[in-house]
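# Secondary and tertiary structure notes
Here are the chains, one letter per residue:
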Amino acid sequence: MIKKRYQIIILFSILFLGINSCSNFFSINKHQPISKEIYETERPLAPKLSTIPLNYSDIFQNATKIYRLFESVNFTINTTSNFPYANYVLMEIKFPNSTIINYNMTSMGNGNFTYEFKPKYNNLLGIYNVSFLIYNNTNVLLNDHTTYTNFKLDSNYDASLSLDGDSSTEYFINKTLAAEVNVDTFDSDNGKTYNFQWDLTIVDSMDEATQNNLLNLQSNVYYFTLLIDNETFQQINKMYYLKINMTDELNNKKAAAYFPFYVKNSDPIITSEISLSPQEIFRTERFEISANITDLETAADDLAVYTDLYSSEGNLVASNFMDYMGNDLFTYSYAPSANNPIGRFRVVVTVEDDAGGIDSKDAYLEVKNMPPKIHSYKINGLSMNESISVFYGGDFVFTFNVSDEKGVSAVKVALLNDYDEWFNITREYIGEDTEITIRTQDLISGIWVVYIFVIDTDGAVTSLIDDYNIAPQEIRIVPDILSNYIPWIVFFSGISIGVLVGIGIIVLYYKSKFIGRQPISADKKTIPSKKSIKKKKVKVETIDEKSKNEEIIETKDEKEEEQDGVSTRKIKRKL
């Protein structure tokens, strides 16, 4: 029961909300303007006309086969019976190549429209399909586009051009154009008879007002040949025309037909292989490029001939114009710089004429590396032709004067002694300040043979390993003979000096003892001498000897004092 009660409450709630929403909607839209796009009455469309095909009976044409140039076909249609609201008519012609072109027909009044189709001299021959599109003044198509008629286009003249027996419309200078001309003077199909006369000329345009008559050919001929030369055809890569000037003498009508042909530029020709002299060179050496070149339309000295040089890595190294030397010969000389790599270089010769014709040929040049050069070197500042000797313990300092086209990478000194022992040392070359110092302590005494090596950046090596008479082949390390005995000499010298010093000390000691014990005479007086006493060299005495001498002097003084009557006393001091 409770469950039903809840269902009833939910149902009434939904109904209440729905009624409330509807009332709000109507109350809101009650004050909104009505949209014109929704409620405005549409304009009635023009009545849709039923489309029916144009009756064949309403189509009139004066011919079903015509010849171009002198004849035409006229079409006239009548729209009064089925299309009273016709305002204009388009005649649609479908050409034999499926091209469609519309032509506006001229209104003749009373619902009649007409158009005369005059084919041009170069219109395609064959069947042309024709239909008509009828419109009212609001551009509504009135007819069902299903009615077709046709006509055949033919020609009573023709010209076929050929080159060396093959049909062609493109020619080069010094080639021969052959032409066969056909002209029909009567037509048995439509009963018309023509009496044509024709003249043949060569012109440079189809515009009668601006064309230039370059050459007059024979009249009324059916076949002729023409040499394409520079004198008549001075412009290359240009269209020219064989013009047939036809005259219908019976009807006193004249017309012209044009048959185009194109005179192309013949490319210049490099008649010889590219000559390189020499074909192998060292880098920075000069070589010469030469080639023979001709052109039919352009004089040799007006040709642009240039050569491109590509390195072994495919990079363009140089591009230069070649010089004309006469007799169709062009030359140029060039030397690859030291910065270029070695290997197989490609030489390309290209010629271009005034009309843009181009020819080119290749050749290959082998570029080798020039080895580095050793001009001179010095050891301890002495030149190559001076004798070199150094006492053991000294140094050998090598300096170098070397060069290379691309650059020296390193220098190497190798020494070989009489025992087939090698001493090698290599240094990076940094210029004339490069030095290699070899200590004699790292070698043994005796004679060493000197070998000098120079390595360039490409890895090529130049060495002085033979007697070139330009460098000291040998250097000498003078041994120090006394050096082995110096310790013994010092030892024995020390012992000898020590013995001598000891002997001297002993002698002095005993001498001082002997002098101190001698008695002094009482009668002997010391009388001071009036003469100047000569200074004697001071003798270094030991401390004991000096003290003994002082005691003796003191004894003498006491005796002198006794003789003078002065009391005396013995004073003994020891220093």
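Residues numbered from 1 in each chain as written. Predicted model: local features only at pLDDT ≥ 70, side-chain atom pairs only at ≥ 80, totals over all residues. Heavy atoms only, no water.

### Looking at the sheet that holds strand 18 (residues 196-203)
As a reminder, the rule being used: Strands were regarded as paired on the criterion that DSSP finds at least two bridges between them. Secondary structure elements are defined from DSSP: runs of H or I of at least 4 residues count as helices, runs of E of at least 2 residues count as strands, and each element is numbered from the N terminus. In this analysis an axis means a line fitted to C-alpha atoms, helices contributing only their contacting stretch, and an angle means the value between N-to-C directions, from 0 to 180 degrees.
Within the open sheet, the five strands sit side by side as 14-22-21-18-19. Their pairing is mixed. The sheet is open, and its two borders are formed by strand 14 (170-172) and strand 19 (213-219), each paired with just one other strand. Across the sheet, the mean angle separating the axes of adjacent strands is 30° when strand polarity is ignored. Note: strand 14 against strand 22 (residues 253-264), three bridges, orientation parallel. By the bridge assignment for strand 22, Tyr 171 is matched with Val 263.

### So, the pattern of salt bridges
Our working rule: Counted as salt bridges are all cases of a side-chain nitrogen of Lys or Arg within 4 Å of a carboxyl oxygen of Asp or Glu. Burial classes: relative accessible area under 20% of the type maximum marks a residue as buried, over 50% as exposed, and values in between as partly exposed (1.4 Å probe, protein chains only).
Under the counting rule described, the total for this entry stands at nine salt bridges. The partner of Asp 154 in a salt bridge is Lys 65, and the shortest N-O contact between them spans 3.7 Å. You can see Asp 154 sitting in strand 11 (residues 148-154) and its partner Lys 65 sitting in strand 3 (residues 65-67), a full 89 residues away along the chain. Taking relative accessible area as the criterion, Lys 65 reaches 23% and is therefore assigned partly exposed. Within the structure, one salt-bridge network assembled from shared partners comprises Arg 283, Lys 406 and Asp 458.

### Thoughts on a nonpolar patch on the surface
For clarity, the cut-off: Like-charged residues within 9 Å of one another, or nonpolar side chains (Val, Leu, Ile, Met, Phe, Trp, Tyr) within 5 Å, are grouped into patches, provided each residue has over 30% relative accessible area and no salt bridge. Note on areas: these come from Shrake-Rupley sampling with a 1.4 Å probe, and a residue is covered only by the protein chains present in the view.
Taken together, the side chains of Phe 492, Ile 495, Val 499, Leu 500, Ile 503 and Val 507 make up a nonpolar region of the molecular surface, amounting to roughly 570 Å² of accessible area. Tracing the backbone shows Val 499 in helix 3 (residues 486-516). With a relative accessible area of 45%, Val 499 lands in the partly exposed category.

### Comments concerning unusual backbone geometry
Residue Pro 278 follows Ser 277 across a cis peptide bond; omega there is -5°. Here Pro 278 lies in the loop between strand 24 (275-277) and strand 25 (280-282). One non-glycine residue, Asn 327, lies in the positive phi region at around 55°. The class of Asn 327 is exposed, set by a relative accessible area of 74%.

### Thoughts on the packing of aromatic side chains
Threshold: Any two of the Phe, Tyr and Trp rings considered here, Trp counted by its six-membered ring, make a pair once their centres fall within 6.5 Å; the pair's planes then place it as stacked at under 30 degrees, edge-to-face at over 60, or tilted in between. Two limits define a charge over a ring: the Lys NZ or Arg CZ must be within 6 Å of the ring centre, and within 35 degrees of the ring normal.
Enumeration according to the criterion identifies 23 aromatic pairs in this entry. Both rings, one in Phe 117 and one in Phe 151, keep their centres 5.6 Å apart while their planes meet at 50°; by these two values the pair is tilted. Here the residue Phe 117 occupies a position in strand 8 (residues 112-117), and Phe 151 occupies one in strand 11, the gap between them amounting to 34 residues. Phe 151 matches Phe 117 in its accessibility class, with the two residues each being buried. When the centroid spacing of 4.9 Å and the interplanar angle of 45° are considered together, the rings of Tyr 324 and Phe 330 count as tilted. Classification of Phe 330 as buried rests on a relative accessible area of 2%. In this structure, Lys 238 packs its charged tip against the face of Tyr 240, placed 5.9 Å from the ring centre. One residue, Arg 346, lies across the ring of Tyr 310, its end atom 4.7 Å from the ring centre.

### With respect to the nonpolar core
Put simply, the rule is: The criterion is simple. A nonpolar core is a set of buried Ala, Val, Leu, Ile, Met, Phe, Trp, Tyr and Cys residues joined through side-chain atoms within 4.5 Å. By definition, residues are in contact when any of their heavy atoms lie within 4.5 Å.
Counting residues in hydrophobic clusters, the biggest one holds 38 residues, and the most contacted among them are Leu 242 and Phe 261. Secondary structure elements with two or more residues in this core: strand 12 (157-163), strand 15 (176-183), strand 18, strand 20 (223-227), strand 21 (238-248) and strand 22. Ranked by residue count, the leading element in this core is strand 22, at seven residues. Excluding anything up to four places from it in sequence, Phe 261 contacts Leu 161, Thr 169, Tyr 171, Leu 177, Ile 202, Ile 228, Phe 233, Lys 238, Met 239, Tyr 240, Tyr 241 and Leu 242.

### Observations regarding the sheet that holds strand 2 (residues 59-61)
Strand order in the open sheet made by the four strands is 2-4-8-7, with antiparallel pairing throughout. The sheet terminates laterally at strand 2 and strand 7 (106-109), the two strands that pair on one side only. The average angle at which neighbouring strand axes cross in this sheet is 25°, direction not considered.

### As for a negative patch on the surface
Formally: In this tally, Lys and Arg are treated as positive and Asp and Glu as negative; His is ignored, and so are the chain termini. To locate a charge, take NZ of a lysine, CZ of an arginine, CG of an aspartate or CD of a glutamate.
Where like charges cluster on the molecular surface, the negative patch consists of Asp 418, Asp 420, Glu 421 and Glu 474. By relative accessible area, Asp 420 is classed as exposed at 60%.

### A word on the environment of Ile 293
Structurally, Ile 293 can be placed in strand 26 (residues 287-294). Among the residues examined, Ile 293 registers a relative accessible area of 0% and is labelled buried. For Ile 293 and Ile 270, which are 23 residues apart along the polypeptide, the C-alpha to C-alpha distance reads 4.4 Å. Not counting chain neighbours up to four residues away, the residues in contact with Ile 293 comprise Ile 269, Ile 270, Thr 271, Leu 303, Val 305, Asp 328, Phe 330 and Val 351.

### Quick look at the confidence of the model for the protein
Heads up, the condition is: pLDDT measures how confident the predictor is about each residue, on a scale from 0 to 100.
When pLDDT is averaged along the protein, the result is 79, and 76% of the positions lie at 70 or above. Taken as a whole, residues 520-575 scores under 50 in pLDDT and shows 34 contacts with residues more than four places along the chain or in a different chain.

### Some remarks on empty space enclosed by the protein
Quick reminder of the rule: With a 1 Å grid laid over protein atoms only, a set of points is called a cavity when a 1.4 Å probe fits there but cannot get out and a pocket when it is open yet has protein on both sides within 12 Å along at least five of seven lines; lining residues have an atom within 4 Å of a point. Grid points are joined across faces, edges and corners, and a volume is the space filled by probe spheres set on the points. Gly is put with the polar residues, along with every residue not named as nonpolar or charged; the nonpolar set is Ala, Val, Leu, Ile, Met, Phe, Trp, Tyr, Cys and Pro, and the charged set is Asp, Glu, Lys and Arg.
Applying the stated criterion across every chain yields a total of one cavity of 30 Å³ or more. Computed from the structure, the largest cavity encloses a volume of approximately 50 Å³. Here the residues of the lining of the largest cavity sort into six nonpolar, three polar and one charged.

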